[in-house]
Amino acid sequence: MSLFAAELRVAAMHLLDGLRANGLTACTAESCTGGLIAALLTDIPGSSDVFTHGYVTYANTAKTAMIGVPPALIQTHGAVSEAVAVAMAEGALAASGAGLSIAVTGIAGPGGGTADKPVGLVHLASARRGAATRHQQHHFTGDRTQVRLQAVAAALALMELQLTP
């Protein structure tokens, strides 16, 4: 039995197959999802041939220490921002040596939101060696679990896009 819904597992399997077909390895840098993307990918038997690293960088200090996000960037833009998501994706790619990364930072709730950055705001970024880093901003709805799972689904979809740069 899997921890994840069937549609997420199918999307993860499809992504893993796409990574294999493209000769790529992947890593994750996760804040608000707390490792759920890595957990989903490694829930699929055989994923170890293409999944290399999962960084859970929930604290700002972890973003800096583990994947090199500059503290000044976090101070200027806030942890939940396009700039930090991009730095997370590019930092994870550099630190891991993988060919493709996904980063996610957001506000899953129920608290922590502001007028400028409400609960449900999630920034995703995916970096691929030799290609432009892609960013997406989402405004998810629902409770904390629903926001996090929607972010996981969006992250898989963004990684899929990066398979064809």
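Residues numbered from 1 in each chain as written. Predicted model: local features only at pLDDT ≥ 70, side-chain atom pairs only at ≥ 80, totals over all residues. Heavy atoms only, no water.

*Asks:* Would you take a moment to explain the side chain of S47 for this structure?
*Replies:* Its place among the elements puts S47 in the loop between α2 (36-42) and β2 (51-56). On the basis of relative accessible area, S47 is assigned to the buried category, the value being 5%. Once you skip the residues sitting within four places of it in the chain, S47 turns out to touch L16, R20, L41 and T42. (Helix = DSSP H or I, 4+ residues; strand = E, 2+ residues; numbered from the N terminus. Buried < 20%, exposed > 50% of the residue type's maximum accessible area, 1.4 Å probe, protein only. Contact = heavy atoms within 4.5 Å.)

*Asks:* Before we go on, may I ask you to explain the state of the cysteines in this structure?
*Replies:* Disulfide: a covalent bond formed between the sulfur atoms of two cysteine residues. Scanning all chains against the criterion turns up zero disulfides. No disulfide involves C27; its nearest neighbouring cysteine sulfur is the one of C32, lying 17 Å away. Owing to a relative accessible area of 0%, C27 belongs among the buried residues under this scheme. What makes C32 buried here is its relative accessible area of 4%. (Disulfide = S-S within 2.5 Å.)

*Asks:* Can you walk me through the environment of I107 in this structure?
*Replies:* Following the sequence through the fold, I107 ends up in the loop between β3 (100-106) and β4 (121-128). With 42 residues separating them along the chain, I107 and L149 place their C-alpha atoms 13 Å apart. If we skip the residues at most four places from it in the chain, I107 touches V80, G112, G113, K117, P118, V119, G120, L121 and V147.

*Asks:* Just to check I follow, could you spell out helix α5 (residues 82-96) for this structure?
*Replies:* Because each turn of an α-helix spans 3.6 residues, side chains separated by three or four positions end up pointing in the same direction. An ideal rise of 1.5 Å per residue puts 21 Å on 15 residues; α5 measures up with 21 Å between its terminal C-alpha atoms. All of the buried residues along α5 are V84, A85, A87, M88, A89, G91, A92, L93 and S96. Packing partners of the buried residues in α5 comprise β1 (26-30), β2, α3 (60-67), α4 (71-77), β3 and β4. Positive backbone phi, at 80°, marks G97, one or two positions downstream of α5. (Expected span 1.5 Å × (residues − 1).)

*Asks:* Explain the pattern of salt bridges to me, please; I cannot follow it from the model alone.
*Replies:* It is possible for side chains bearing opposite charge to pair when their charged atoms get close. Within the structure shown, the criterion is met by three salt bridges. Of the charged contacts in the structure, one is a salt bridge between D43 and R9, with a shortest N-O distance of 2.7 Å. Taken together, the positions of D43 in the loop between α2 and β2 and R9 in helix α1 (residues 6-21) put the pair 34 residues apart, joining distant regions of the chain. When the shortest N-O distance is used, the salt bridge between D17 and R20 registers 3.1 Å. Of this pair, D17 and R20 both sit in helix α1, three residues apart, roughly one helical turn. By sharing partners, the salt bridges in this structure join D17, R20 and D49 into a single network. (Salt bridge = Lys/Arg side-chain N within 4 Å of Asp/Glu carboxyl O.)

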